[in-house]
Amino acid sequence: MKDQLHYLARQAATGMMSRREFMGRAAALGLTAAAANSLLSTKVMAAGPQKGGTIRVGLQGGSTTDSLDPALATNQVALSVIRLWGEPLVELTDDGGIEGKVAESYSASADARVWTFKVRQGITFSNGKSVTAEDVAQSLDRHSGEDTKSGALGIMRGIKNISTEGDSVIIELDTPNADLPYLMADYHLIVQPGGGKDDPSAAIGTGPYVLKEADMGVRFVAEKNPNYWGDLGNADTIEYVVINDNTARVAALQSGQVDMIDRVPPRTAKLVGRAPGINVHSTSGPGHYVFIMHCNTAPFDNNDVRMALKYGINRQEMVDKILNGFGSVGNDTPINASYPLYTEFEQREYDPDKAMFHLKKSGHDGEILLRTSDNSFPGAPDAAALFQQSCAGAGINLNVKREPNDGYWSEVWNKQPFCTSYWGGRPTQDQMFTTAYLSTADWNDTRFNNEQFDQMLLAARAELDTGKRTQMYADMSTILRDEGGLICPMFNDFVDATSDRITGWLENVNGFALMNGYAPHRLWVKA
Amino acid sequence: MPLIAKLLVQRIALGLLLLFLVSGLIFAGTMILPGDVAQSILGQSATPEALANLRAELGLNEPAMQRYFNWLGGILTGDLGTALTSGTDIAESIGKRLSNTLFLAFWAAIIAVPLAIFLGLLAVRFKDRWPDKMISAVTLASISIPEFLIGYVLMYLIAVKLRWFPSVAMINDGMSLGDKLSAIALPVAVLTLVVLAHMMRMTRAAILNVMQSAYIETAELKGLNGFQVIFRHAFPNAIAPIVNVVMLNLAYLVVGVVVIEVVFVYPGMGQYLVDHVSKRDVPVVQACGLIFAAVYIGLNMVADIVAILSNPRLRHPK
């Protein structure tokens, strides 16, 4: 009987039998529906990706004001569109490593100061032009220089010189950086013909798809690039529809108008997952929701006040109530297990006694003002209210002020001394620390100024011995945790959902939501 | 009719003056909002250098008055300018959005206006009997429920459960008229429910008002039946207030449907305007504002003119 079942499942998976027929026959053989379903899905995976068909995706975050220029990409929709038509030099692998895209291979000098990327031979842009090392150098150059508007400028600042030699691009750095390949995987740094200097929003690249229609903030259609060098991409056509309203996005998936959506609201994710034909996928990632204090502004310039607040927050409650369980507790550092060189250390818990002790020691008296807004992270005002209550239990008088969404990022975040915010995380510790915790960083939103931390960051960057580097990053996390201005109660999972029409989802892929933006390419329409 | 021509010219001149004032108001409004366009474009990921570069490129360093008058000059020569955020031609992108908005408004109006007037007449004919009470109850209930909620309910029942019509009302050039109509079925239904009550109640009230007149009694006495009296004698005399409220609702269908557009993902003017407001894209906001104001002023003008034509007394003000 077992053989017969597997035969049936294989037939169903390869499309020789309908799904309904398979379920019926499996039931006749005495199998429960759930068991039959899971057997079928393993067979579908094993049968391998099916080529062809159309995959439609409902995405949140797009706006009519977006641009196709990868330098100006800031949201999941822009990222997803870039993933269709363009490629960076290298890309993250599923488990957080690095694989070549436009670059076939790369190597570093012994001191990690000079990096050589060898451009893949014989690949072409979608306009038919072949890709040269000069295109790569020009592309990188467009994102550096003080007159660029690129979101990757911060990454490019450490680069002293970019040159070409035959089919290789040579990048020289100011200071050694063992993580440079991770930086080159940034989604802004797409290789474009001539560097995209003539027409940055032409959407011409080396990607697995070619953009056919683009209506900003509304709809994007791409078709398979027949000349793509790799085997990425199963569907013939991928269509992105921007659906910013949560309910409308879920309804579009349920009514079969789209096959995949991102950002299922955590509050309703469990209900959505129970609907027939819908699968909800939760992926842990480096993204986290934060309360940030300016370490140089009273009363937060006193580390005891900071410690009092860190002990005054109930992290598990936040994960349960704000994320509805779709996340994990934070430990007042921006680093979690999704980082490559992570070391676990003792979890800080809610402890009103310790909070009270630190508050008394600090000598601070009176209320502490916390600013928040709806768009600083989903559920931020509720989280602030929870924080206020847990603080009250420790004798801390926290006052919450609700700010308008409009202008929050320009007027409150990185300006006011204590507010709610979020971070999407970065692929490596070095990048995360450099972006927000180095004393000279533009986005040092906690005004953290620690000489020892800065020195360790530079030293770790040049350290090629993984064991030593891991230890250094652990020490730096400890410094942040015990002295920093960051209160990190929770890491949020990416919650995406797919319909039964498509399959091939892989759990816990590193990077951004929707399997690092590659789910539309890597899933396939069931036969 | 030189008198009417003079009235028309007066109205149009007043409308243009109003438009000019509105543009000034919108400009001032966008200036008061916190934050600037460069910061909004780059979002949380803005470095100070990138901000300064973008500001310089967008011409944000020029004084506000100068920017305003540059833009006003452009309008007068038919050039709406380019969007600060995406660098696209505003006239072109608004054109597409506006035609989508008008498409939706047109079909909603085609259904809602005759239906409302018919229901209004029906309510008068059966005044204080059960059809009147039922029509009033249903339409008042539908206007009282927030439109997004009606949208969600219809979406759940018709799109998710019954699967008759799509929940995403996205239309594009490649679709046939039938496909487009199927796509916009749900938003049209919601808009119809939202505007129905206002027009229906006004029709009912206006006609009931006329029904008090002596000539209605005469008509009844000479043996006309109830519907004929209402339709031939009462309705023509009640047309001015009805047209007034119809125009107000038509204007609403064009300028006030942003919530419906968001819920049904319809690519119309509302979403386009909101996106640009949150990015402080002043030229686009002003262009949208002007178009909306023009629609309002234009439709009200039509209502005025119809009122004047339908009532000779208004043509001779004392």
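Draft legend 1. Summary view of the overall build of chain A. In terms of helices and strands, chain A carries 19 helices and 21 strands. For a compact globule of 527 residues, the expected C-alpha radius of gyration is about 24 Å, and chain A comes in at 25 Å, within 12% of that figure. Projected onto the principal axes, the alpha-carbon positions of chain A cover approximately 75 × 60 × 45 Å. Residue pairs at least 24 apart in sequence account for 71% of intrachain contacts in chain A once pairs closer than 6 positions are excluded. A total accessible area of about 20200 Å² is found for chain A, and carbon and sulfur atoms account for 48% of it. Each charge sign in chain A was given a centre, from 48 positive and 64 negative side chains, and these centres are 5 Å apart.

Draft legend 2. Region of interest: the packing of helix H15 (residues 429-436) of chain A against helix H16 (residues 451-462) of chain A. Residues and elements named next belong to chain A. Packing of H15 against H16 leaves a shortest axis separation of 11 Å and a crossing angle of 145°. Where H15 crosses over H16, the handedness of that crossing is left-handed. For the pair formed by H15 and H16, the contact residues are Asp430, Phe433 and Thr434 on the first element and Phe453, Leu457 and Arg461 on the second. Across the contact of H15 with H16, the residue classes break down as three nonpolar, one polar and two charged.

Draft legend 3. Region of interest: the pairing of strand E4 (residues 103-108) of chain A. Residues and elements named next belong to chain A. Pairing of E4 with strand E5 (residues 114-119) involves five bridges; the strand directions are antiparallel. Pairing of Tyr106 across the sheet is with Phe117, part of E5. Connecting the antiparallel pair E4 and E5 is a turn made up of five residues, with Ala112 showing a positive phi of about 60°.

Draft legend 4. Looking closely at the pairing of strand E15 (residues 368-372) of chain A. Burial within E15 of chain A is extensive, with four of its five residues counted as buried. Taking the sense of rotation as the criterion, the β-α-β connection linking E15 of chain A, helix H13 (residues 380-392) of chain A and strand E16 (residues 398-402) of chain A turns out right-handed.

Draft legend 5. Seen up close, the environment of Asp262 of chain A. All names here are of chain A. Assignment of secondary structure puts Asp262 in the loop between strand E11 (260-261) and helix H9 (266-274). Asp262 sits in the buried class, given a relative accessible area of 0%. Linking Asp262 and Asn246, residues 16 residues apart in sequence, is a C-alpha distance of 9.7 Å. Those residues in contact with Asp262 that sit more than four places away from it in its chain are Gly58, Leu59, Gln60, Gln76, Arg249, Val495, Asp496 and Leu514. One polar contact links the side chain of Asp262 to the main-chain amide nitrogen of Gln60, over a distance of 3.0 Å.

Draft legend 6. Summary view of the side chain of Thr237 of chain A. All names here are of chain A. Looking at the secondary structure, you find Thr237 in strand E10 (residues 237-242). Using a relative accessible area of 18% as the deciding quantity, one classes Thr237 as buried. Apart from residues lying up to four places away in sequence, Thr237 is in contact with Gly53, Thr54, Ile55, Val221, Ala222 and Glu223.

Draft legend 7. Focus on the sheet that holds strand E12 (residues 278-283) of chain A. All names here are of chain A. In spatial order, the strands read E8-E9-E10-E1-E11-E19-E12; together these seven strands make up an open sheet with mixed pairing. Strands with a single pairing partner mark the edges of an open sheet, and in this sheet they are strand E8 (209-215) and E12. Of the strand pairs in this sheet, strand E1 (residues 54-59) and E10 are connected by six bridges, and their pairing is parallel. In the strand pairing of E10, Arg56 is matched with Glu239.

Draft legend 8. Quick peek at the interface of chain A and chain B. With 39 residues of chain A at the interface, the matching set in chain B holds 41 residues. Together, the buried faces of chain A and chain B total about 3400 Å²; carbon and sulfur atoms form 55% of this surface. Of all residues in chain A, the largest losses of buried area upon contact with chain B belong to Thr64, Thr65 and Lys149 of chain A, amounting jointly to 19% of the total for that side. Summed over the shared surface of chain A and chain B, the result is one salt bridge. Between Asp215 of chain A and Lys96 of chain B there is a salt bridge whose closest N-O contact spans 3.6 Å. Contributing elements (two or more residues each) for the side of chain A that touches chain B: E10, helix H8 (246-254), helix H14 (408-411) and strand E17 (418-423) of chain A.

Draft legend 9. Main features of the confidence of the model for chain B. Summary statistics for chain B give a mean pLDDT of 85 and a share of 94% for residues scoring 70 or more. Predicted complex metrics record ipTM = 0.81 and pTM = 0.84.

Draft legend 10. Quick look at the packing of helix H5 (residues 90-125) of chain B against helix H11 (residues 226-234) of chain B. Residues and elements named next belong to chain B. Packing of H5 against H11 brings their axes to within 10 Å, and their N-to-C directions diverge by 130°. For the element pair H5 / H11, the angle class is oblique. When you trace H5 past H11, the crossing you get is right-handed. Facing H5, whose interface residues are Leu121, Leu122, Val124 and Arg125, H11 presents Gly226, Phe227, Ile230 and Phe231. Of the residues assigned to the contact of H5 with H11, the class counts are six nonpolar, one polar and one charged.

Draft legend 11. Spotlight on a nonpolar patch on the surface. Residues and elements named next belong to chain B. Residues Ile145, Phe148, Leu149, Val153, Tyr156, Leu157 and Val259 make up a contiguous nonpolar surface patch of roughly 570 Å² in combined accessible area. Mapped onto the elements, Leu157 comes out in helix H7 (residues 147-161). What makes Leu157 partly exposed here is its relative accessible area of 42%.

Draft legend 12. Representation of the confidence of the model for chain A. On average, residues of chain A score 89 in pLDDT, and 91% of them reach the 70 mark or higher. In the model, residues 13-17 of chain A has pLDDT below 50 throughout and makes 14 contacts with residues more than four positions away in sequence or in other chains.

Draft legend 13. Local environment of helix H6 (residues 130-144) of chain B. All names here are of chain B. Here H6 contains 15 residues, and its C-alpha end-to-end distance of 21 Å stays within 8% of the 21 Å for a straight helix at 1.5 Å per residue. Among the residues making up H6, those that are buried are Pro131, Asp132, Ile135, Ser136, Thr139 and Ser142. One side of H6 carries all its buried residues, which in axial view fall inside an arc of 140°. Of the exposed residues in H6, the ones pointing more than 90 degrees away from its buried face are Trp130, Lys133 and Ser144.

Draft legend 14. Seen up close, the pattern of salt bridges. All names here are of chain A. Under the criterion given, the structure shown has 28 salt bridges over all chains. Arg469 is the partner of Asp179 in a salt bridge, and the nearest nitrogen-oxygen pair spans 2.9 Å. Residue Asp179 is found in the loop between strand E7 (168-173) and helix H7 (180-184), and its partner Arg469 is found in helix H17 (residues 466-483); the two are separated by 290 residues along the sequence. Through salt bridges with shared partners, one network takes in Arg315, Asp332, Arg348, Arg481 and Asp482.

Draft legend 15. Quick look at the packing of aromatic side chains. Residue and element names in this part refer to chain A. Considering all chains together, one arrives at 22 aromatic pairs over all chains under this definition. One aromatic cluster is present, built from ring pairs that chain together Tyr289, Phe291, Phe300, Phe377, Phe387 and Phe418. The ring centre of Tyr311 lies 5.3 Å from the NZ or CZ of Arg348, which sits over that ring.

Draft legend 16. Structural context of the environment of Phe326 of chain A. Residue and element names in this part refer to chain A. Along the chain, the position of Phe326 falls in the loop between helix H11 (315-321) and strand E14 (327-329). Once the C-alpha coordinates of Phe326 and Ala269 are considered, the two residues, 57 residues apart in sequence, prove to be 8.8 Å apart. Contact partners of Phe326, with chain neighbours within four places excluded, come to Pro266, Ala269, Lys270, Ser282, Asn492, Asp493 and Val495.

How each quantity is defined
- In this numbering scheme, every chain counts its residues from 1 along its sequence in written order.
- As they are written, the chains are lettered A onward and the ligands numbered 1 onward, keeping that order.
- A pLDDT threshold of at least 70 governs which residues receive local features in this predicted model, and a stricter bar of 80 or more applies before side-chain atom pairs are shown or counted, although totals over entire chains, interfaces and linings include all residues.
- Excluding hydrogens and water, the side-chain figures rest on all heavy atoms present in the structure.
- We count a stretch as a helix when DSSP gives it H or I for four or more residues in a row; a strand needs E for two or more, and each element gets its number in order from the N terminus.
- Radius of gyration means the value over C-alpha atoms here, while the globule rule gives 2.2 Å times the residue count to the 0.38 power.
- For this analysis, residues touch if any pair of their heavy atoms sits within 4.5 Å.
- Accessible areas in this description were obtained via Shrake-Rupley with a 1.4 Å probe; residue shielding takes into account the shown protein chains only.
- Counted as positive: Lys and Arg. Counted as negative: Asp and Glu, with His and the chain ends omitted from the count.
- The atom standing in for a charge is NZ when the residue is Lys, CZ when it is Arg, CG when it is Asp and CD when it is Glu.
- Geometry is summarised by axes, namely lines fitted to C-alpha atoms with helices restricted to the contacting stretch, and by angles between N-to-C directions that run from 0 to 180 degrees.
- Note: crossing handedness is left-handed where the near helix turns anticlockwise from the far helix by less than a right angle, and right-handed where it turns clockwise.
- For this classification, the nonpolar set comprises Ala, Val, Leu, Ile, Met, Phe, Trp, Tyr, Cys and Pro, the charged set comprises Asp, Glu, Lys and Arg, and every other residue, Gly included, is treated as polar.
- Two strands make a pair as long as DSSP finds a minimum of two bridges between them.
- Whether a residue is buried, partly exposed or exposed follows from its accessible area with a 1.4 Å probe, protein chains only, as a fraction of its type maximum: under 20%, in between, or over 50%, in that order.
- Orienting the strands away from the viewer, one traces the path from the first strand over the helix to the second; a clockwise path indicates a right-handed crossover.
- N or O atoms closer than or at 3.5 Å make up a polar contact, with two conditions inside protein: a donor-capable atom paired with an acceptor-capable one, and, for residues adjacent in sequence, both atoms drawn from side chains.
- Values labelled buried area give the accessible surface lost by two parts on being combined, using a 1.4 Å probe and summing over both.
- Any Lys or Arg side-chain nitrogen found within 4 Å of a carboxyl oxygen on Asp or Glu counts as a salt bridge.
- Per residue, pLDDT captures the predictor's confidence, and it can take any value from 0 to 100.
- Angle categories are assigned with fixed cut-offs, so that under 35 degrees is roughly parallel, over 145 is roughly antiparallel, 65 to 115 is roughly perpendicular, and the rest are oblique.
- Candidate patch residues must exceed 30% relative accessible area and have no salt bridge, after which like charges are joined if within 9 Å and Val, Leu, Ile, Met, Phe, Trp or Tyr side chains if within 5 Å.
- Helix span, as expected, comes to 1.5 Å for every residue beyond the first.
- The directions from the helix axis to the C-beta atoms form the arc being described.
- Between 30 and 60 degrees the pair is tilted, below 30 it is stacked and above 60 it is edge-to-face, where a pair is any two Phe, Tyr or Trp rings, Trp via its six-membered ring, whose centres lie within 6.5 Å.
- Note on criteria: charge over ring means Lys NZ or Arg CZ within 6 Å of the ring centre, with the direction from the centre no more than 35 degrees off the ring normal.

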